[in-house]
Amino acid sequence: MKSDWQAAWFSLVRPGLRTVFALLLLTVMAAPAVAAPITFNTALPVARGEGILRGQFKYLSASDAGSANRELAVSMVSLVGVYGLSEKWALFGMIPYLNKELEADTPSGRRSREVSGLGDARFWARYTLFQQDRPGQTLRIAPFVGIEMPIGEDNENDFLGRLPQSLQLGSGSWDPLLGVVTTWQTLERQIDAAFSYKLNTAANGFKFGDLTRFDLSYQHRIWPRELGAGVPSFVYAVLESNLIWQDRNEVGGNNDPDSGGTTLFIAPGIQWVSKRTVLESALQLPLIQDLNGKALENDFIFTLSFRRNF
Amino acid sequence: MKWRRFNSLWILLLLLLPVAAAAEVTQAVIAVDGMSCPFCAFGVEKKLKTVSGTDKVAVSMREGTATLVAEAGKSLDIGQIGRSVRAAGFTPGLLRITVVGTVKEDNENLLLDVRHSTLSIQLVRLSPQLKQQLLDLVKSGAAVSLSGTLSEAQADRPRLRPETVMEVRP
């Protein structure tokens with residue numbers, strides 16, 4: 001039996017959460033691990049039998065201007081491992097550690113709910129379908145397919161009882177994903193484009209809306225201006241965009257009117273690339289947010305990461 | 001006592017000379033098409049280091065090439081070089097090598113028998129001047145160091161277009 005203020009809290013908070021978490025999870029989905037875009041994957045190769053490790057920190061802030069004055073902060077540290085199975089096939093695995101905190105005004109004052117722990121893991125494989133190499137440049141097209149495994153806890157409770165599904169660390173569901181990425185890279189610049197789809201399945205009587213996204217990235221070498229001998233380190237200025245569509249969530253088989261919608265992020269960033277290490281950072285800012293109902297709006301997503309060749 | 005020490009030095013010198021001459025494919029420069037970022041160059045370098053006989057690998061982003069230098073007394077396995085570039089996910093281009101061997105004539109073709117190896121390389125696209133120089137070497141039987149570009153093998157025999165020829169002292 002919930003008290004009045006508990007019920008009020010739920011009614012204020014629930015609607016907005018659903019879009020934001022799905023967006024964050026989707027942002028994580030294609031965590032790249034080759035010299036590549038910062039917010040999604042690439043078609044560049046991983047040498048056969050070699051590995052790459054990526055460590056990534058993300059911070060998401062979302063809020064609304066409603067009477068509840070809701071504020072959401074999500075921090076995530078993820079590890080991505082990549083293995084070159086052959087010159088055409090690369091295997092990816094990613095596991096995140098999440099901290100989610102939601103604050104809202106309730107009739108009994110400002111309340112917060114917080115949860116931390118491992119999130120759902122993702123595994124996917126990428127195949128280089130088309131490859132055209134020329135001196136100093138390459139063009140590649142690579143489809144990928146994978147699955148999100150329900151590793152994260154999906155039945156967390158706090159002093160108010162069970163956390164809403166959107167605040168849980170894991171979805172509880174096995175969610176397949178697929179897509180295709182193309183990369184054109186020269187010594188001066190790189191363009192990547194990716195289209196992907198994630199089919200969310202139901203668990204705990206809840207189903208996140210399916211996700212579709214189209215990503216673009218342009219990277220321009222700003223240093224060194226002239227290439228020297230050997231393998232010099234590069235600094236790229238990066239500009240990316242992420243167009244994301246999410247279907248409405250389903251609760252008990254019914255569409256949730258306060259979920260889903262369309263978001264367009266623009267993400268300026270910077271990337272330092274050496275022979276063995278990549279350091280990079282980007283700030284995803286919502287350019288357009290056409291969200292359904294009372295969904296929370298993203299303020300920004302900050303990314304800081306490194307990659308290491310082994 | 002002094003004489004014995006002198007003899008030992010002389011024997012050691014004689015032993016070292018053939019070892020130095022046994023480094024038959026001493027250097028190779030492979031064009032790596034598609035290599036256009038430093039992070040990718042690492043995979044190329046790592047794979048090329050596994051080529052049999054390799055001591056050092058130096059990648060040049062600007063030139064789009066990788067240079068392999070053989071270990072002292074060893075020969076680079078030229079057959080592995082292209083395969084290693086492919087294993088790194090890139091496309092091998094022209095391969096230039098420096099190789100030591102003896103030239104012989106076979107049915108109007110000039111061949112380079114790579115010393116201390118069963119490898120035989122056909123010498124192709126020779127200028128009249130270079131051909132004459134090589135024919136003179138056939139007669140003398142002297143060992144030579146050739147540098148040039150390898151082209152596609154025919155009947156399992158690599159083909160080399162030599163650009164420079166140097167006689168090697170035994």
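The preceding data block contains the structure.
Parameters and conventions
Residues numbered from 1 in each chain as written. Chains lettered and ligands numbered in written order. Predicted model: local features only at pLDDT ≥ 70, side-chain atom pairs only at ≥ 80, totals over all residues. Heavy atoms only, no water. Contact = heavy atoms within 4.5 Å. Buried area = accessible area lost by both parts, 1.4 Å probe. Salt bridge = Lys/Arg side-chain N within 4 Å of Asp/Glu carboxyl O. Polar contact = N/O pair within 3.5 Å; in protein donor to acceptor, adjacent residues only side chain to side chain. Helix = DSSP H or I, 4+ residues; strand = E, 2+ residues; numbered from the N terminus. Core = buried A, V, L, I, M, F, W, Y, C linked by side-chain atoms within 4.5 Å. Buried < 20%, exposed > 50% of the residue type's maximum accessible area, 1.4 Å probe, protein only. Domains from an automatic or database assignment.

A. Quick peek at the interface of chain B and chain A. Between chain B and chain A, the contact holds 24 residues from the first and 39 residues from the second. Approximately 2400 Å² of surface area, both sides summed, lies buried where chain B meets chain A, with 61% of it carried by carbon and sulfur atoms. Broken down residue by residue, the surface that chain B buries against chain A is led by Pro38, Phe39 and Phe42 of chain B, which jointly contribute 29%. Taken together, the links from chain B to chain A amount to 3 salt bridges. The tally of links from chain B across to chain A stands at 14 residue pairs in polar contact (both at pLDDT 80 or more).

B. Representation of unusual backbone geometry within the structure. All names here are of chain A. In this structure, Pro224 follows Trp223 across a cis peptide bond, with omega equal to -5°. With respect to the secondary-structure elements, Pro224 resides in the loop between β13 (211-223) and β14 (234-246). The backbone of Asn204 shows a phi angle near 60°, a positive value even though the residue is not glycine. With respect to the helices and strands, the residue Asn204 is situated in the loop between β11 (189-198) and β12 (206-207).

C. Structural view of the nonpolar core. All names here are of chain B. Formed by 69 residues in total, the largest nonpolar core has its most connected members in Ile30, Leu48, Ile81, Ile97, Val99, Leu134 and Leu146. Broken down by element, this core gets its largest block of residues, 5 residues, from helix α2 (residues 38-48). Residues lining this core come from more than one domain, with at least three contributed by each of domain 1 (24-97) and domain 2 (99-168). Ile30 has contacts with Leu48, Gly64, Thr65, Ala66, Leu68, Ile81, Val85, Pro92, Gly93, Leu94 and Leu95, leaving out every residue within four places of it along the chain.

D. Expanded view of the pattern of salt bridges. Residues and elements named next belong to chain A. Evaluation of the coordinates by the stated rule reveals 22 salt bridges over all chains. For Glu280, the salt bridge goes to Arg54, with nearest N and O atoms at 2.4 Å. One end of the pair, Glu280, is in strand β18 (residues 277-291); the other, Arg54, is in strand β1 (residues 51-63), with 226 residues separating them in the sequence. Accessibility assignment for this pair places Glu280 and Arg54 in one class, buried. Across the pair Asp215 and Arg213 runs a salt bridge, and its minimum N-O distance is 2.7 Å.

Nothing here speaks to function; it is geometry throughout.
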